Amino acid sequence: MAKSALQIARAAYQPKLPKALKGNVAIKEGKATESVADQAEIKKLFPNTYGMPVVTFEASNTPLSLKDMNVGVILSGGQAPGGHNVISGLFDGLKSMNKNAKLYGFLGGPSGLVDHKYIELTADIIDEYRNTGGFDIIGSGRTKLEETEQFDKGIEICNKLGIKAIVIIGGDDSNTNACVLAEYYLQKNTGIQVIGCPKTIDGDLKNDEIETSFGFDTACKVYSEVIGNIMRDANSAKKYWHFIKLMGRSASHIALECGLQTQPNICIVSEEVEAKKMTLAQIVNNIADTVAARAAKGNNFGVCLIPEGLIEFVPEMKVLIKELNDLLAETNGDVPAAVKKLSSNSASVYASLPDFVQKQLTLERDPHGNVQVSLIETEKLLIEMVKTELAKRKAAGSYSGKFSGLGHFFGYEGRCAAPSNFDADYCYSLGFNAACLMAAGKTGYMSLIKNTTAPADQWIAGGVPVTKMMNMEKRHGAMKPVIRKALVELDGAPFKKLAENRATWAIETAFVYPGPIQYWGPSEVCDQPTKTLALEQAK
Ligand code: FBP
């Protein structure tokens, strides 16, 4: 495989581990835990894995030993920088405790376990992937592990390969399913442990225990670099308004973090839009106000950040999308007939949308018949609507600037970037720590690395029972136990920081240009966590 000079040099980077994991390790158990809500229901559904304590690892004189066993690993869902380091940390952790332990990687995500597709991950393979981005070492997939037939197929292959523990690297849904699997394997007395690791660039898998999901740090730094470059271009050319949509299926953590790193003129946060029940027209008006205010000072340029999930947080759009889903099913995809049957509110929202969005809303549907919201080009929609609003203002004589909008979408550009030092260290520690949880006989736990704003050797390692993070939520019409998703909190420190500053950032050109991720150099350049993490963890 041809490699870049950076890749070759970076392969030699030895990720940092928390002090407690560097030598012999002992486990310390805390008090029994409760789920964050719906305790009785969750306890009933998870009789064997409910109530377990949070555990931490401490340096000790006696080593943890890992019995003769093999381990399987699965990458689940969207790519996030650092996945390869979780696997290399897991490999090194296993080998440090038992040289004979073999690590198998299930191919293409959770379906690899069910379809018995796997490879043995040897030292040679692992070495090729240390500190690299991507999930290509074994591939990933979005198959959900939910059915007992799937779990039973898993038992078959684990028995065949001598696998006594599985690590599932995934987001909130995959870790919920990991816990369902752990519970089932305990009930069936299979002796197979299941450990989860918190992954997603979206940053929405976090709570009192899990400080951040891996990949968020690197992805936000990559996007912020490019946003900064665009800002500098905007400030040089002084003739474009850039509308930049940022990935993050639902929560706005990525847009908010990039906003804090780069100080744009506008940073929309979907959770605020929903809380204030803002209409599309209000959002457009607010943007037009900022464009006009800057134009009045001679600045016909700017940058507006838009979270990917925005459309679904605008109350009237949510209703329109739901009505269209139902009506298109009812009319067998007859668009004009479905549009005719819209409620009068939805019909006027629909009529206010540019043609291309109307088309995207009615044509692009997923296999379940739902509109594919992620394909709606919100950045272009807003540009069009702002243009129309400004034209009205111009005709009324209240605006005399120039507006030229350019749309961008940053998503896949950041998901497989070479992990930042933070993610390289965090991921390696999560993987190494998962091996310790296995040696300690734990199952139904998520690998836990805390105190992550301190230098890595002061990080705290341990495990949190997945049931502790669960509540009951409605999914596809039925109540299900799930890990509670973390949306942006409007009373949280990161959002407050944006809210305090955005009026100034709107009018002034206060852009910050973060530049590319640095892997070597002064610690304040190379090892900084995200602003979100720093603000949330500030004591
Ligand atoms: P995960 O939650 O599985 O980590 O994936 C997150 C994500 O990157 C979202 O930001 C994005 O909306 C989605 O995946 C896109 O995934 P896909 O390319 O599979 O549609």
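Quick summary incoming for the structure in this document. (Residues numbered from 1 in each chain as written. Predicted model: local features only at pLDDT ≥ 70, side-chain atom pairs only at ≥ 80, totals over all residues. Heavy atoms only, no water.)

A word on unusual backbone geometry
1) Next: Despite not being glycine, histidine 116 shows a phi value in the positive range, around 60 degrees.
2) Next: Of note, histidine 116 is situated in the loop between helix H4 (111–114) and strand S5 (118–120). (Helix = DSSP H or I, 4+ residues; strand = E, 2+ residues; numbered from the N terminus.)

Some remarks on the pairing of strand S15 (residues 478–483)
1) Next: Pairing analysis gives six bridges linking strand S14 (residues 470–475) to S15, with the strands arranged antiparallel. Bridge pairing in S15 places arginine 475 opposite alanine 478.
2) Next: Connecting the antiparallel pair S14 and S15 is a turn made up of two residues, with histidine 476 showing a positive phi of about 50 degrees. (Pairing = 2+ DSSP bridges.)

Considerations on the side chain of threonine 452
1) Next: Within the secondary structure layout, threonine 452 lies in the loop between strand S12 (445–450) and strand S13 (460–465).
2) Next: Using a relative accessible area of 2% as the deciding quantity, one classes threonine 452 as buried.
3) Next: There is a polar contact of 2.5 Å between the side chain of threonine 452 and the side chain of glutamate 211.
4) Next: Contact partners of threonine 452, with chain neighbours within four places excluded, come to Glu211, Phe422, Tyr426, Trp459 and Leu533. (Buried < 20%, exposed > 50% of the residue type's maximum accessible area, 1.4 Å probe, protein only. Polar contact = N/O pair within 3.5 Å; in protein donor to acceptor, adjacent residues only side chain to side chain. Contact = heavy atoms within 4.5 Å.)

A word on empty space enclosed by the protein
Empty space left among the atoms is revealed by rolling a probe the size of a water molecule over them.
1) Next: All chains considered together, the criterion is met by one cavity of 30 Å³ or more.
2) Next: Counted as a void, the largest cavity has a volume near 30 Å³.
3) Next: Around the largest cavity, the lining residues are Gly203, Lys206, Glu211, Thr212, Ser213, Phe216, Thr530, Thr532, Leu533 and Glu536.
4) Next: At three residues, helix H22 (residues 531–537) tops the list of elements feeding residues into the lining of the largest cavity.
5) Next: Tallied by class, residues from the lining of the largest cavity come to two nonpolar, five polar and three charged. (1 Å grid on protein atoms, 1.4 Å probe; cavity = no way out; pocket = protein on both sides within 12 Å on 5 of 7 lines; lining within 4 Å. Points joined across faces, edges and corners; volume = space filled by probe spheres on them. Nonpolar A, V, L, I, M, F, W, Y, C, P; charged D, E, K, R; others polar.)

Things to note about the environment of aspartate 425
1) Next: Within the secondary structure, aspartate 425 sits in helix H19 (residues 421–439).
2) Next: A sequence separation of 336 residues divides aspartate 425 from glycine 89, and the C-alpha atoms of the two residues are 9.3 Å apart.
3) Next: Ignoring sequence-local partners within four residues, the contact set of aspartate 425 consists of Tyr13, Pro15, Lys16, Ala456 and Trp459.
4) Next: A polar contact of 2.7 Å, which involves the side chain of aspartate 425, links it to the side chain of tyrosine 13.

Regarding the packing of helix H3 (residues 83–97) against H19
1) Next: With their axes 7 Å apart at the nearest point, H3 and H19 run at an angle of 40 degrees to one another. Our classification of the angle between H3 and H19 gives oblique. Helix-helix and strand crossings are classified by hand; for H3 and H19 the assignment is right-handed. Here H3 contributes Asn85, Val86, Ser88, Gly89, Leu90, Asp92, Gly93, Leu94, Ser96 and Met97 to the contact with H19, which in turn contributes Ala424, Cys427, Tyr428, Gly431, Phe432, Ala434, Ala435, Cys436, Met438 and Ala439.
2) Next: For the contact of H3 with H19, the residue count by class is 13 nonpolar, six polar and one charged. (Axes fitted to C-alpha atoms, helices over the stretch in contact; angles between N-to-C directions. Parallel < 35°, antiparallel > 145°, perpendicular 65-115°, else oblique. Left-handed = near helix turned anticlockwise from the far one by under 90°.)

What to know about the sheet that holds strand S11 (residues 405–410)
1) Next: Taken together, the four strands give an open sheet; going across it, the order is S9-S10-S8-S11, and neighbouring strands pair in parallel fashion. Unpaired on one side and paired on the other, strand S9 (266–267) and S11 mark the two borders of the sheet.
2) Next: Strand direction decides the pairing type here: strand S8 (residues 241–246) and strand S10 (residues 302–307), joined by six bridges, are parallel. Bridge assignment links histidine 242 to a residue of S10, and that residue is valine 303.
3) Next: Against the sheet, helix H8 (residues 216–237) touches S8, S10 and S11, its axis set at about 170 degrees to S8.

Quick look at the pattern of salt bridges
1) Next: With the rule as written, the count across this model stands at 25 salt bridges.
2) Next: Linking glutamate 330 and lysine 341 is a salt bridge whose minimum nitrogen-to-oxygen distance equals 3.0 Å. Separated by eleven residues along the polypeptide, glutamate 330 in helix H13 (residues 315–330) and lysine 341 in the loop between helix H14 (335–340) and helix H15 (344–352) bring together distant segments of the chain.
3) Next: For glutamate 330, a relative accessible area of 52% translates into the label exposed.
4) Next: Residues glutamate 389 and lysine 392 are paired through a salt bridge, measuring 3.8 Å at the closest nitrogen-oxygen approach. Of this pair, glutamate 389 and lysine 392 both sit in helix H17 (residues 378–396), separated by three residues, roughly a single helical turn.
5) Next: Glutamate 389 sits in the buried class, given a relative accessible area of 15%.
6) Next: Several salt bridges converge on common partners, so that one network encompasses Asp289, Glu389, Lys392 and Arg393. (Salt bridge = Lys/Arg side-chain N within 4 Å of Asp/Glu carboxyl O.)

Considerations on the packing of aromatic side chains
1) Next: Following the criterion strictly, the structure yields ten aromatic pairs and no others.
2) Next: Centroid distance tyrosine 104 to tyrosine 118: 5.8 Å. Interplanar angle 85 degrees. Geometry classified as edge-to-face. One end of the pair, tyrosine 104, is in strand S4 (residues 103–106); the other, tyrosine 118, is in strand S5, and 14 residues separate them in sequence.
3) Next: According to the relative accessible area criterion, tyrosine 104 is buried, its value standing at 9%.
4) Next: Residue classification places tyrosine 118 among the partly exposed residues on the basis of a relative accessible area of 26%.
5) Next: Members of the aromatic cluster, connected to one another through ring pairs, are Phe151, Tyr184 and Tyr185.
6) Next: Note that lysine 245 overlies the ring of phenylalanine 409, its terminal NZ or CZ placed 4.7 Å from the centroid.
7) Next: For arginine 294, the ring lying beneath its charged end belongs to phenylalanine 301, and the centroid distance is 4.9 Å. (Phe/Tyr/Trp six-rings, centres within 6.5 Å; stacked < 30°, edge-to-face > 60°. Lys NZ or Arg CZ within 6 Å of the ring centre and 35° of its normal.)

With respect to the sheet that holds S5
1) Next: With mixed pairing, nine strands are arranged side by side in an open sheet as S1-S2-S13-S12-S7-S6-S3-S4-S5. The sheet is open, and its two borders are formed by strand S1 (25–29) and S5, each paired with just one other strand. Sheet twist, expressed as the average angle between the axes of neighbouring strands with direction ignored, equals 30 degrees.
2) Next: Taken together, the two bridges between strand S2 (residues 55–59) and S13 define a ladder with antiparallel strand orientation. Residue pairing in the sheet places valine 55 in a bridge with glycine 463 of S13.
3) Next: Contacting S2, strand S3 (70–75), strand S6 (163–170), strand S7 (193–198), S12 and S13, H19 crosses the sheet at an angle of about 130 degrees to S12.

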